[in-house]
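Overview (structure and organization)
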Amino acid sequence: MVDLVITASAVLANTGARTEQGAAGEAITAGQLVYRDATSGQYFKSDSNAPTAAARVVRGMALNGASAGQPLQIARPNSDITMNAVFTAGVTYYLSDTPGGICPLADVGSGEYFTPIGVAKSTTILAFNPTMSGVPG
């Protein structure tokens, strides 16, 4: 799996982006995709081939890094997110089987769930809008 290499310090929510705050349940880096655990309310890295459906959900993208128990701010769906120049304009990107990772469609493998997370508007801006397909590869 070839995930995008994201520079954590370059991850920024654009004006008008929807955000929310909570606590990290594990070490999380800015730019990683996360879900919120229903029991603890903490955020953990999403994973396209996780054994539990909850972990395959993308609630948002981390906007800062945090260790377990520390504050975490995430961008919510329907938000534009700026990153370092890692995108190809017009390409749809997906949740990776590397926890928290983002990859192109060609790298979604057998046994992973197809979870599109957004379409690149340019080489630096992602129109973040994850869709849970529930369809395994």
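So, here's what we can say about the structure. (Residues numbered from 1 in each chain as written. Predicted model: local features only at pLDDT ≥ 70, side-chain atom pairs only at ≥ 80, totals over all residues. Heavy atoms only, no water.)

Our next topic: the overall build of the protein. Counting its secondary structure elements, the protein contains zero helices and eleven strands. Along the protein, helices (α) and strands (β) appear in the sequence β-β-β-β-β-β-β-β-β-β-β when read from the amino end. Its C-alpha radius of gyration of 13 Å places the protein within 12% of the 14 Å reference for a compact globule of 137 residues. Expressed along its principal axes, the backbone C-alpha trace of the protein runs to roughly 35 × 35 × 20 Å. Counting all 137 residues of the protein, 39% fall into the buried class. In the protein, of all internal contacts separated by at least 6 residues, the share reaching a separation of at least 24 is 61%. Here the protein holds 7 positive side-chain charges and 9 negative ones, and the gap between their average locations is 11 Å. (Helix = DSSP H or I, 4+ residues; strand = E, 2+ residues; numbered from the N terminus. Rg over C-alpha atoms; globule rule 2.2 N^0.38 Å. Buried < 20%, exposed > 50% of the residue type's maximum accessible area, 1.4 Å probe, protein only. Contact = heavy atoms within 4.5 Å. Lys, Arg positive; Asp, Glu negative; His and termini not counted. Charge placed at Lys NZ, Arg CZ, Asp CG, Glu CD.)

Here we come to the sheet that holds strand 10 (residues 116-120). Read across the open sheet, the six strands follow the order 1-7-11-10-8-9; overall the sheet is antiparallel. The sheet terminates laterally at strand 1 (12-13) and strand 9 (102-104), the two strands that pair on one side only. (Pairing = 2+ DSSP bridges.)

Now for the packing of aromatic side chains. The relative placement of two aromatic rings is captured by the distance of their centres and the angle of their planes. Here the structure, examined in full by the defined rule, presents two aromatic pairs. Across the ring face of Tyr-113, the terminal group of Arg-56 is positioned such that the distance to the ring centre comes to 3.8 Å. (Phe/Tyr/Trp six-rings, centres within 6.5 Å; stacked < 30°, edge-to-face > 60°. Lys NZ or Arg CZ within 6 Å of the ring centre and 35° of its normal.)

Spatially, five strands are ordered 2-6-5-3-4 in an open sheet, and the strand pairing comes out antiparallel. A single partner strand is all that each edge strand has here, and the edge strands are strand 2 (19-23) and strand 4 (43-45). When the angles between neighbouring strand axes are averaged without regard to direction, this sheet yields 45 degrees. (Axes fitted to C-alpha atoms, helices over the stretch in contact; angles between N-to-C directions.)

With that settled, the discussion passes to the pairing of strand 11 (residues 125-128). Side chains Leu-126 and Phe-128 project from strand 11 onto a buried face, and the interleaved Ile-125 and Ala-127 project onto a face without burial. Sheet topology note: the strand 7 (residues 79-82)/strand 11 ladder contains four bridges and is antiparallel. Paired with Ser-79 across the two strands is Phe-128, which belongs to strand 11. Where strand 10 folds back onto strand 11 in an antiparallel hairpin, the turn is made up of four residues.

Within the secondary structure, Ser-79 is located in strand 7. We classify Ser-79 as buried; its relative accessible area is 1%. A polar atom in the side chain of Ser-79 sits 2.8 Å from the backbone nitrogen of Arg-18. (Polar contact = N/O pair within 3.5 Å; in protein donor to acceptor, adjacent residues only side chain to side chain.)

The values are spatial; any link to function lies outside them.
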